[in-house]
Amino acid sequence: MNIIDAVVVGAGPAGCAAAITLAQAGRSVVVVDKATFPRDKFCGDGLTAGALRHLEALGLDPIDVPSWHRVDDIIVRGPNGHEVEFPLPRNQGEFAVVARRMDLDYALVKRARRAGATIHDGHAFNSITVHDDHVEVLADGLDPIRARFAIGADGMWSPLRKALGAASPHYLGEWHAFRQYFTNVTGSAADKMIVWFEPSVLPGYVWSFPLGDGRANVGFGITRDASTPTSTMKAQWPALLATPHIAAALGDHAVPESPHRAWPIPARIDKVALTAPRTLFVGDAAAATDVMTGEGIAQALLTGELAARAVISGATADGVRARYEESIKHALFADHRMSVVLQSALARPRALDAAVRVAGLSGWTRRNFARWLFEDYPRALLLTPRRWHRHMFGTAGAYR
């Protein structure tokens, strides 16, 4: 009986990061996904410097991502209308990029195949059986796949997690996001990232992320709570687009390129089971999104890499689970808890307005605030001094 090292369910960024890391280490890995790539994925399409560094380390070449668009400036508008433009470093690599997930995810799938992973897209996961020394996964149209470990990278409502009895019934996520692509964008949104902290959506925000050639990903996110039903988002959208400063940023001739899309976002990595017998959960299946910003690609890539390293360690089944859980706690838990604290500030317009004003006081504050936003600096540095290092605020970007 042929038993490979790992079977990955899900070929998004988390699953591909795991597959690439395993394959580069000489391990055998098979990935299954119900979708056929390229496929769209509902997302804001923004890539932070943290995500970019992971992509660079995984060997992704930006030339393989047709919509790859570098961004150098970010505009943030507070609830009272005070607006500040924050510059990212020039000539030091890339710190912020916008790329359609259809392009990015397909490029990662191709990268995983080149690294040596076997990827079966268009084959939906069916079931898993856990044995003493391996798991057996069944997927539509494929022979049984037997592996020492399974990695669940199959999203917030992970079918693999459900099959193992580790799902949370009625879970709807911490955020809900709403996105629409626009063309003929001629205002400031044509080449700058913009975040609007609109009073009507706090502690959420409205965004516009440029894709080049007059195109932009425009949307907004709200936190889930009993007082803000997500069903109101469709009705909110026209009013937000008609807001004078948002309309001006898009320009008079901006038109929707495609219908709007909405999706839930899981962000509670410290409250979910990260593992099951011979199984590790990554990305949205581990609820790894940043609870303050709703950003999740960097976290997805990181969790995929950490899961692969745990499998590569050669530990026992229990040892692999323990190693992965400990690495996630070390890398993400403190920052997640700090983000929970900071998120509460976003719900208070006066505090948010004050923060925007302070961040824009000088050239130094504007430059460093921009890096803090998009560099993925650990937000809980004061609580985790082990992560301080001399050049931490002057590191070059990715793809230098």
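This text gives an overview of the structure that appears in the document. (Residues numbered from 1 in each chain as written. Predicted model: local features only at pLDDT ≥ 70, side-chain atom pairs only at ≥ 80, totals over all residues. Heavy atoms only, no water.)

### A closer look at the overall build of the chain
- In terms of regular secondary structure, the chain is built from 10 helices and 19 strands.
- Relative to the globule expectation of 21 Å for 400 residues, the C-alpha radius of gyration of the chain, 21 Å, shows essentially globular dimensions.
- Residues counted as buried form 57% of the 400 residues belonging to the chain.
- When the accessible surface of the chain is summed, it comes to about 16,600 Å², and 54% of that surface belongs to carbon and sulfur atoms.
- One way to put it: in the chain the 43 positive side-chain charges average out to a point 4 Å from where the 40 negative ones average out. (Helix = DSSP H or I, 4+ residues; strand = E, 2+ residues; numbered from the N terminus. Rg over C-alpha atoms; globule rule 2.2 N^0.38 Å. Buried < 20%, exposed > 50% of the residue type's maximum accessible area, 1.4 Å probe, protein only. Areas by Shrake-Rupley, 256 points an atom, 1.4 Å probe, with all protein chains shown as cover. Lys, Arg positive; Asp, Glu negative; His and termini not counted. Charge placed at Lys NZ, Arg CZ, Asp CG, Glu CD.)

### As for the sheet that holds strand S3 (residues 46-47)
- If you walk across this open sheet you meet the three strands as S3-S7-S4, and the pairing is antiparallel. Where the open sheet ends on each side, the last strands, each with one partner, are S3 and strand S4 (69-70).
- Examined bridge by bridge, S3 and strand S7 (residues 97-98) share two bridges and lie antiparallel to one another. If you follow Gly46 over to S7, its bridge partner there is Val98. (Pairing = 2+ DSSP bridges.)

### Focus on the packing of helix H1 (residues 13-24) against helix H7 (residues 297-312)
- Across the interface, H1 lies against H7 with an axial gap of 7 Å and an inter-helix angle of 35 degrees. Relative to H7, the crossing made by H1 is right-handed. Along its contact with H1, which presents Pro13, Ala14, Ala17, Ala18, Thr21 and Leu22, the element H7 presents Ala300, Leu301, Thr303, Gly304, Glu305, Ala308, Arg309, Val311 and Ile312.
- Its residues placed into classes, the contact of H1 with H7 shows 10 nonpolar, three polar and two charged. (Axes fitted to C-alpha atoms, helices over the stretch in contact; angles between N-to-C directions. Left-handed = near helix turned anticlockwise from the far one by under 90°. Contact = heavy atoms within 4.5 Å. Nonpolar A, V, L, I, M, F, W, Y, C, P; charged D, E, K, R; others polar.)

### So, unusual backbone geometry
- Cis geometry marks the peptide bond from Phe37 to Pro38; its omega dihedral reads 5 degrees.
- Tracing the sequence through the fold places Pro38 in the loop between strand S2 (29-33) and S3.
- Residue Pro203 is bonded to the preceding Leu202 through a cis peptide linkage, with omega at 5 degrees.
- Along the chain, Pro203 falls in the loop between strand S13 (193-196) and strand S14 (205-212).
- Its identity as a non-glycine residue notwithstanding, Asp45 has a phi of 75 degrees, on the positive side.
- Although it is not a glycine, Asn184 sits at a positive phi angle of roughly 60 degrees.

### What to know about the nonpolar core
- Formed by 82 residues in total, the largest nonpolar core has its most connected members in Val29, Leu47, Leu55, Leu60, Trp68 and Tyr324.
- Tallying contributions element by element places H7 first for this core, with 10 residues.
- Apart from residues lying up to four places away in sequence, Tyr324 is in contact with Leu274, Thr275, Leu280, Phe281, Val282, Thr303, Leu306, Ala307 and Ala310.
- Counting residues in each nonpolar core, the second largest holds 30 residues, with Ala49, Trp175, Tyr181 and Met193 among its members. (Core = buried A, V, L, I, M, F, W, Y, C linked by side-chain atoms within 4.5 Å.)

### Remarks on the packing of aromatic side chains
- Evaluation of the coordinates by the stated rule reveals 10 aromatic pairs.
- The rings of Trp175, Phe197, Tyr205, Trp207 and Phe209 are connected pair by pair, giving a single aromatic cluster. (Phe/Tyr/Trp six-rings, centres within 6.5 Å; stacked < 30°, edge-to-face > 60°.)

### What to know about the environment of His330
- Note on placement: His330 falls in helix H8 (residues 317-346).
- Spatially, the C-alpha atom of His330 lies 26 Å from that of Thr223, the residues being 107 residues apart in sequence.
- With near-sequence residues (within four places) excluded, His330 lies in contact with Arg386 and Arg387.

### A short note on the environment of Ala351
- Along the chain, the position of Ala351 falls in helix H9 (residues 349-359).
- A relative accessible area of 32% means that Ala351 is categorised as partly exposed.

### A look at the packing of H1 against helix H3 (residues 101-115)
- Where H1 contacts H3, the two axes come as close as 9 Å, and the packing angle between them is 20 degrees. By the angle class used here, H1 and H3 are roughly parallel. Where H1 crosses over H3, the two elements pack in a sense that is left-handed. Residues Pro13, Cys16, Ala19, Ile20, Ala23 and Gln24 of H1 lie in contact with H3, whose contacting residues are Arg101, Asp105, Leu108, Val109, Arg111, Ala112 and Ala115.
- Looking at side-chain class alone, the contact of H1 with H3 contains nine nonpolar, one polar and three charged residues. (Parallel < 35°, antiparallel > 145°, perpendicular 65-115°, else oblique.)

### A closer look at the side chain of Thr279
- If you trace the backbone, Thr279 turns up in strand S19 (residues 279-281).
- For Thr279, a relative accessible area of 0% puts it in the buried group.
- Here the side chain of Thr279 touches Pro277 through a polar contact of 3.0 Å, landing on its backbone oxygen.
- In contact with Thr279, not counting residues within four places along its chain, are Ile128, Ala150, Leu160, Leu164 and Leu274. (Polar contact = N/O pair within 3.5 Å; in protein donor to acceptor, adjacent residues only side chain to side chain.)

### Details of H7
- Compared with the 22 Å implied by 1.5 Å per residue over 16 residues, the 23 Å span of H7 between its first and last C-alpha is a close match.
- Burial analysis of H7 places 14 of its 16 residues in the buried class, which makes it a mostly covered element.
- Looking one or two residues beyond H7, the residue adopting positive phi is Gly314, at roughly 80 degrees. (Expected span 1.5 Å × (residues − 1).)

### Remarks on the pairing of strand S15 (residues 215-223)
- Burial of S15 is extensive: nine of the nine residues sit out of reach of the surface.
- Both faces of S15 are covered, namely the face carrying Arg215, Asn217, Gly219, Gly221 and Thr223 and the face carrying Ala216, Val218, Phe220 and Ile222.
- Strand direction decides the pairing type here: strand S12 (residues 175-183) and S15, joined by eight bridges, are antiparallel. Bridge pairing in S15 places Trp175 opposite Thr223.
- Taken together, the seven bridges between S14 and S15 define a ladder with antiparallel strand orientation. Considered in S15, the bridge of Trp207 is made with Gly219.
- With antiparallel pairing between neighbouring strands as the criterion, S14 and S15 make up a hairpin whose turn holds two residues, including Asp213 at a positive phi of roughly 55 degrees.

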